[in-house]
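# Descriptive analysis of the structure
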Amino acid sequence: MCGIIGFSGREQAAPILLDGLARMEYRGYDSAGIAVRAETCGLQVKKTKGRLQVLSTLTHGGADLEGTLGIGHTRWATHGEPNDINAHPHVSENGQIALVHNGIIENYLEIKEHLQKQGVTFTSDTDSEVVAQLLEFHYNECGSMLEAVGRVLRRIEGSYAFGIICSDYPNALIAARKDSPLILGYGENGNFIASDVTAVIKYTRDVAYMDDGEIAVVTPETIDVFDSELMPREKEHHQIDWDVSAAEKGGYAHFMFKEIMEQPEAIRKTVSPRIREGRVVLDDISLTAEYVKGISRIFVIACGSSYHVGMVSKYNWEHLLRRPVEVCLASEFRYSDPLVDESTLVLVISQSGETLDTMAAMREARRRGGRTLAIVNVVGSSIAREADDVLYTWAGPEIAVATTKAYSTQLVLMDLVGLYLADLLGTVSREEYDAVLAEMQALPEKMQRVLENFEDVQYFASRYFNHNSIFFIGRNLDYAMGLEGSLKLKEISYIHSEAYASGELKHGTISLIEPGTLVVALGTFAPLFDKAMSNVVEVKARGAEVLAVTTEMFREKMEKTANSTVVIPDTHPVLQPSLGVVPLQLFAYYVALQRGCDIDKPRNLAKSVTVE
Ligand code: M6R
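A brief report on the enclosed structure follows.

### Brief notes about the overall build of the chain
Looking only at helices and strands, the chain has 19 helices and 27 strands in total. Considering only C-alpha atoms, the chain reaches an extent of 75 × 55 × 45 Å along its principal axes. Taking all 612 residues of the chain together, the buried fraction comes to 62%. Taking the contacts inside the chain whose residues are at least 6 apart along the sequence as the reference set, 72% of them involve residues at least 24 apart. With the model as given, the accessible surface of the chain reaches about 22,400 Å², and the carbon-plus-sulfur share is 48%. Put simply, the chain has 58 plus and 83 minus side-chain charges, and the middle of one group is 4 Å from the middle of the other.

So this is what it looks like as structure tokens:
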């Protein structure tokens, strides 16, 4: 979704703004723009539809724009098509105020009509321009930008992160946030605002996270933060400890491939500190044994791949904990009148920690008395800060829109938490507890072996990339894993695909199988392997081409039936999806590569979905 950057400092702003925007390209966008204030010529705005490169060429890398104060934006269209006019920054009618916005202003039409009646002319179709015009209106009334921003925030409804500059203020930019991410960066040669830390990490590691309702005034020397009543607030500083190179491709052709390859290490970092002397240790959460024993039901709420982690966890947790686990899409949960009370534990899974639907669902769960435990990758993100407890996946920055290492680390962390709770409840045998933990520690090495065979998958992708419709079938954990395999393929290769529980095929979907249809058959879940094989035979009998994923144990049986087989190491069934998903990620990657798709930035998608 939209990316915002702002800089007030002692260096030329435009090149810094463009660099910051480039580092946020991964968030997904369709147009880009910057506004800079210069002593000689006031506000200068350059914006354009399309890739950042176009904007960079237009401004000679920013060199054309003088000035040390500016704001920049990459837009992911919500109101109004992607074009030059709807691109941000938006400028008020008298040309004095420029604004960038991430979020949605829900009552923008009503405000627009009101301003139109006052004679204000609008140039774009966006909700964001309305805020720029409203700011001018209040600024003319009160003569103070800070006061005008306060008045505007009281008037608008919806979600926002704003960056604002005004030609009357040579050094200050103003920022505000509600339900959209915004960080403050304290640099040596100036200070920043940005949608995420990747944009500023090259310049500073010293950041603070803005909270809802806060307004910040950023100058080259200071950042002053105020609450919605314009009372000053102190901000806690955080040091970013990951390296700039973690957010760079480092010789790989795509971030997605790099991140797939980083999975063994990411899992090691997520798991190792949490296993001590053969026990799961979760120092960072405060669930007491007494509370855990009183849990009556468990919800997992999430979106997209994080939701698929929930689907795998449902099988694993119900097996380990003997408690009902309901997995809900966050966008459905929040409006579903959910049955949550004090005895409900609500797991909230999110890579970014900023997904608006997930955050809203979490708030709803808390409002109803549920206790929330968030599994989040981005430190300091909104979900991490609002949940009752948070456990971080230590996957490092994930840049490709299609998640891989975040998914894998979420999966193992959920397995760890499941084991921990099952142990407290006494619902897991010592043998199984030890077996899962031992395999969990062996997982990075086994995953490395799967990755070393990437050329097998590459070859199968080159055989099958021309299919237009692909089915993923499997039972139990294989079905849950297939959901993720199918989503990966859809989002980056644009091939229609569906994941089906194999046993359900005969209730309708098998009518779609015809000679040549590609079926990706997942046969890694040992307890149901024979049943899964029957379904493979059924689709083969109807002419399907079968690409199978199975384990060493079942290699022989599978190879006799499937047209092509990828073999992965055996592990404990609870952990099998952690290995099984890797060939599916690689398959999606190589199919997309063969089809010439924009792998890291697939069409219409954003990395962090901060609108409803
Ligand atoms: O940041 P989150 O985990 O909350 O994001 C949820 C989904 O938007 C995300 O998993 C999405 O489905 C990915 N692009 C899938 O690869």
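### A few points about the packing of aromatic side chains
For the coordinates displayed, the defined rule picks out 14 aromatic pairs. The interplanar angle of 70 degrees and the centroid separation of 6.0 Å between the aromatic rings of Phe257 and Phe454 together place this pair among those described as edge-to-face. In this pair, Phe257 sits in helix α6 (residues 255-261) while Phe454 sits in helix α15 (residues 454-464), placing the two residues 197 residues apart along the sequence. Chaining the aromatic ring pairs together yields one cluster made of Tyr252, Phe257, Phe454, Tyr589 and Tyr590.

### Overview of the packing of helix α4 (residues 127-142) against helix α5 (residues 145-155)
Interhelical geometry of α4 versus α5 gives an angle of 130 degrees and a closest axis separation of 8 Å. In terms of axis orientation, α4 runs oblique to α5. Crossing of α4 over α5 shows right-handed handedness. Across the interface between the two elements, Val131, Leu134, Leu135, His138, Tyr139, Glu141 and Cys142 of α4 pack against Met145, Glu147, Ala148, Val149, Arg151, Val152 and Arg155 of α5.

### Focus on the state of the cysteines
Considering all chains together, one arrives at zero disulfides under this definition. Cys41 forms no disulfide, and the closest cysteine sulfur to it belongs to Cys166, at a distance of 15 Å. A relative accessible area of 44% places Cys41 in the partly exposed class.

### Quick look at unusual backbone geometry
The linkage connecting His88 with the following residue, Pro89, adopts the cis geometry, with an omega of 0 degrees. Its place among the elements puts Pro89 in the loop between β4 (69-75) and β5 (90-91). Of note in the backbone geometry, Arg322 takes a positive phi value of approximately 50 degrees without being a glycine. The residue Arg322 is located in the loop between α9 (304-321) and β19 (325-329) in this model. A positive phi is found at Asp337, a non-glycine position, where the angle reads about 55 degrees. Within the element layout of this structure, Asp337 appears in the loop between α10 (330-333) and β20 (344-350).

### Quick notes on the sheet that holds β4
Strand order in this open sheet of eight strands is β3-β2-β4-β1-β10-β9-β11-β15, and the pairing throughout is antiparallel. Each end of this open sheet is capped by a strand with a single partner; those strands are β3 (42-49) and β15 (238-239). Of the strand pairs in this sheet, strand β9 (residues 183-186) and strand β10 (residues 190-194) are connected by four bridges, and their pairing is antiparallel. Directly across from Leu184, in β10, lies its bridge partner Ile193.

### Some details on the sheet that holds β20
If you walk across this open sheet you meet the five strands as β19-β18-β20-β21-β22, and the pairing is parallel. Both edges of this open sheet fall to β19 and β22 (389-392), since each of them pairs with a single strand only. Across the sheet, the mean angle separating the axes of adjacent strands is 20 degrees when strand polarity is ignored. Strand direction decides the pairing type here: strand β18 (residues 297-302) and β20, joined by five bridges, are parallel. Counted as the bridge partner of Ile298 is Leu345 from β20. Those strands touched by α9 are β18, β19 and β20, and its axis lies near 175 degrees from that of β19.

### Considerations on the pattern of salt bridges
Counted according to the given criterion, the structure contains 43 salt bridges. With its nearest N and O atoms 3.0 Å apart, the salt bridge here joins Asp212 to Arg177. One end of the pair, Asp212, is in the loop between β11 (206-209) and β12 (215-218); the other, Arg177, is in strand β8 (residues 173-178), with 35 residues separating them in the sequence. For Arg177, a relative accessible area of 2% translates into the label buried. In this structure, Arg233 engages Glu214 in a salt bridge whose closest nitrogen and oxygen atoms are separated by 3.3 Å. A residue pair is termed long-range when its members are at least 10 positions apart, and Arg233 in strand β14 (residues 232-233) and Glu214 in the loop between β11 and β12 qualify at 19 residues. Under the relative-accessibility criterion, Arg233 is labelled partly exposed at 39%.

### Thoughts on the environment of Thr355
Turning to its location among the elements, Thr355 is positioned in the loop between β20 and α11 (356-367). Spatially, the C-alpha atoms of Thr355 and Gly70 are 27 Å apart, while their sequence positions differ by 285 residues. Excluding its chain neighbours within four sequence positions, the residues that come into contact with Thr355 are Cys303, Ser350, Ile383 and Val609.

### What to know about helix α14 (residues 430-452)
The end-to-end C-alpha distance of α14, which contains 23 residues, comes to 33 Å, matching closely the 33 Å that a straight helix rising 1.5 Å per residue would cover. Helix geometry: α14 is bent most strongly at Leu443, by close to 45 degrees, with proline Pro444 lying one to four residues after it.

Procedures and definitions
Residues numbered from 1 in each chain as written. Predicted model: local features only at pLDDT ≥ 70, side-chain atom pairs only at ≥ 80, totals over all residues. Heavy atoms only, no water. Helix = DSSP H or I, 4+ residues; strand = E, 2+ residues; numbered from the N terminus. Buried < 20%, exposed > 50% of the residue type's maximum accessible area, 1.4 Å probe, protein only. Contact = heavy atoms within 4.5 Å. Areas by Shrake-Rupley, 256 points an atom, 1.4 Å probe, with all protein chains shown as cover. Lys, Arg positive; Asp, Glu negative; His and termini not counted. Charge placed at Lys NZ, Arg CZ, Asp CG, Glu CD. Phe/Tyr/Trp six-rings, centres within 6.5 Å; stacked < 30°, edge-to-face > 60°. Axes fitted to C-alpha atoms, helices over the stretch in contact; angles between N-to-C directions. Parallel < 35°, antiparallel > 145°, perpendicular 65-115°, else oblique. Left-handed = near helix turned anticlockwise from the far one by under 90°. Disulfide = S-S within 2.5 Å. Pairing = 2+ DSSP bridges. Salt bridge = Lys/Arg side-chain N within 4 Å of Asp/Glu carboxyl O. Expected span 1.5 Å × (residues − 1). Bend = angle between axes of the 7 residues up to and from the residue.

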